[in-house]
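# Structural characterization, general
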Amino acid sequence: MPSAPRAIFTQGFLAGTLSTATIYTVYSYLVKSAEIYIEADQDTKWSVDRQRLWTGQQILKYGAPDHGPDIRYYENHVLSYDQAKKTPAWVAEFLTAENVKGKADRKKSHFKPDPNVLSKFSSDNKDFLKSGWSRGHMAPAGNNKHDQQAMDETFYLSNIVPQDIDNNSGFWNRFEMFCRDLTKQYKEVRIVTGPLTLPNLVEGGKLFVKYPIIGKNEVAVPTHLYKVVVAENGGSEPKALGAFVAPNEPIGSEHLLTEYQVPLEELEVYSGITFFERLDLANTKNLCSVSSCTLVPEKQFELYSITRRLAGAGTLPELDAIWGELARKKLKPDKYMLELYKTRTMEIEQEEDISSKLRAEL
């Protein structure tokens, strides 16, 4: 695996009807009548009248307006980036039982601007500082435990949206855990996640879309988040399909995931995006009818959250404060948590001892 971050980009061949026609003049030798045919991709051919092509060349003499690469490829996720809102439009990923297991460590990963996005179109960590919003992964780090580079790339800000702090650490986190657990039931799980800005204000009988922007780069805060899930075991067995839209706000543990399920077509209208166009919808079943769409119970999730924070504690006071939450919340630690607490205590003591010796030598 290469050590340097890697991203491969592809640009959609046609933007609008004629916006990039000028780059295809090399195909002029294919003209056999009054029309030429431009190969757009494997499935589509565009027919352009010669006169219109010539006119388009004059209009776009200095180039077509460019909103950046339509699709950006990374180690284990693919995304389309909205340069105006400074957030992804959608992020797609592929999960298997192997992907969600491994030794990749999020403590080694750091939030940072995507080096492949022009700085004028990128958010920055300072945009989130004291904004009241957290940095919410669309492709979660936890889905990439199999590979450190894949995990690192999920921390690019091109994969991040401003997300409600409680939503990020609570409901949405449990939703992501549910998606990972699907790999125990299905061989392959494909997910597309992204932000939405939906009408959320009524004034004078009219609907409006209102959302905050944060930081000097004016990063758009979505009103909602969506996720589309397709799970399968291959062969002729129907695929499990589910689409969900949740508000970007705190959602209590009493709420069920099924409350936020929506028809796929409805989400496509909301987002302006066609999802899984090659999927035969006639050969799908409702994900929530075959998997129940049950999220991790609150107490179990609390134990998971405390365990993860214990692993990331950097000082003994921090470690003890986290451990003390178990008693306050009347939670019983399991064997793994007990061992983790002992191990982290020894590790931190050793780290502090080494630091003290180094300071003494200076």
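Parameters at a glance
- Residues numbered from 1 in each chain as written.
- Predicted model: local features only at pLDDT ≥ 70, side-chain atom pairs only at ≥ 80, totals over all residues.
- Heavy atoms only, no water.
- Salt bridge = Lys/Arg side-chain N within 4 Å of Asp/Glu carboxyl O.
- Buried < 20%, exposed > 50% of the residue type's maximum accessible area, 1.4 Å probe, protein only.
- Helix = DSSP H or I, 4+ residues; strand = E, 2+ residues; numbered from the N terminus.
- Lys, Arg positive; Asp, Glu negative; His and termini not counted.
- Contact = heavy atoms within 4.5 Å.
- pLDDT = per-residue confidence, 0-100.
- Axes fitted to C-alpha atoms, helices over the stretch in contact; angles between N-to-C directions.
- Parallel < 35°, antiparallel > 145°, perpendicular 65-115°, else oblique.
- Left-handed = near helix turned anticlockwise from the far one by under 90°.
- Nonpolar A, V, L, I, M, F, W, Y, C, P; charged D, E, K, R; others polar.
- Phe/Tyr/Trp six-rings, centres within 6.5 Å; stacked < 30°, edge-to-face > 60°.
- Polar contact = N/O pair within 3.5 Å; in protein donor to acceptor, adjacent residues only side chain to side chain.
- Pairing = 2+ DSSP bridges.
- Patch = residues over 30% accessible without salt bridge, like charges linked within 9 Å, V, L, I, M, F, W, Y side chains within 5 Å.
- Areas by Shrake-Rupley, 256 points an atom, 1.4 Å probe, with all protein chains shown as cover.

## Thoughts on the pattern of salt bridges
Inspection of the entire model under this criterion finds nine salt bridges. In this structure, the salt-bridge partner of E232 is K239, at a minimum N-O distance of 4.0 Å. Residue class for K239 comes out buried when judged on its relative accessible area of 16%. Shared partners join several salt bridges into a network, and the residues in it are E188, R190, E232 and K239.

## Digging into the side chain of R174
Mapped onto the secondary structure, R174 falls in helix α5 (residues 171-181). The side chain of R174 sits in the buried core without any salt bridge; E298 is the nearest counter-charge, 7.4 Å away. Ignoring any residue separated from it by four or fewer positions in sequence, one finds R174 in contact with S253, L295, V296 and F301.

## Quick word on the confidence of the model for the protein chain
On average, residues of the protein chain carry a pLDDT of 87, and 87% of them reach 70 or more. For residues 1-34, every residue scores under 50 in pLDDT, and the model assigns this stretch 65 contacts once sequence neighbours within four places are set aside.

## What about the packing of helix α8 (residues 298-312) against helix α9 (residues 316-328)?
A pair of packed helices is captured by two measures, namely the crossing angle of their axes and the spacing between those axes. One can describe the packing of α8 onto α9 by two numbers: an axis separation of 10 Å at closest approach and a directional angle of 165°. In this view, α8 runs roughly antiparallel relative to α9, as classed from their interaxial angle. With respect to the hand of their crossing, α8 and α9 are arranged in left-handed fashion. Packed against α8, whose contacting residues are L303, I306, R309 and L310, the element α9 presents L319, I322, W323, E325 and L326 at the interface. Tallied by class, residues from the contact of α8 with α9 come to seven nonpolar, no polar and two charged.

## What to know about the packing of aromatic side chains
This structure, assessed with the given rule, holds ten aromatic pairs. Seen in terms of ring centroids, Y226 and F275 are 5.5 Å apart; in terms of plane orientation they differ by 65°. Their pairing is edge-to-face. Remark: F275 occurs in the loop between α6 (264-271) and β17 (284-286) and Y226 occurs in strand β14 (residues 224-232); sequence separation between them is 49 residues. As far as burial versus exposure is concerned, Y226 and F275 are alike and both buried. Aromatic ring contacts, followed pair by pair, group F171, W172, F175, F178, F244 and Y260 into a single cluster.

## Quick look at the side chain of T193
Tracing the chain through its elements places T193 in strand β9 (residues 188-196). Classification of T193 by relative accessible area gives buried; the value is 0%. Among the polar contacts made by the side chain of T193, one reaches the side chain of K227 at a distance of 2.9 Å. With near-sequence residues (within four places) excluded, T193 lies in contact with W90, V91, E93, M138, W172, Y226 and K227.

## Notes on the pairing of strand β5 (residues 77-82)
Pairing of strand β4 (residues 71-73) with β5 involves two bridges; the strand directions are antiparallel. Note on β5: the bridge partner recorded for R72 is L79. Connecting β4 to the next strand, β5, in antiparallel fashion are three residues. Across six bridges, the pairing between β5 and strand β6 (residues 87-95) is antiparallel. Bridge pairing in β6 places V78 opposite A92.

## Considering a nonpolar patch on the surface
Among the surface-exposed residues, V209, Y211 and I213 lie close enough to one another that they form a single nonpolar patch of about 240 Å² accessible area. Structurally, V209 can be placed in the loop between β11 (206-208) and β12 (213-214). Overall, the relative accessible area of 41% leaves V209 in the partly exposed class.

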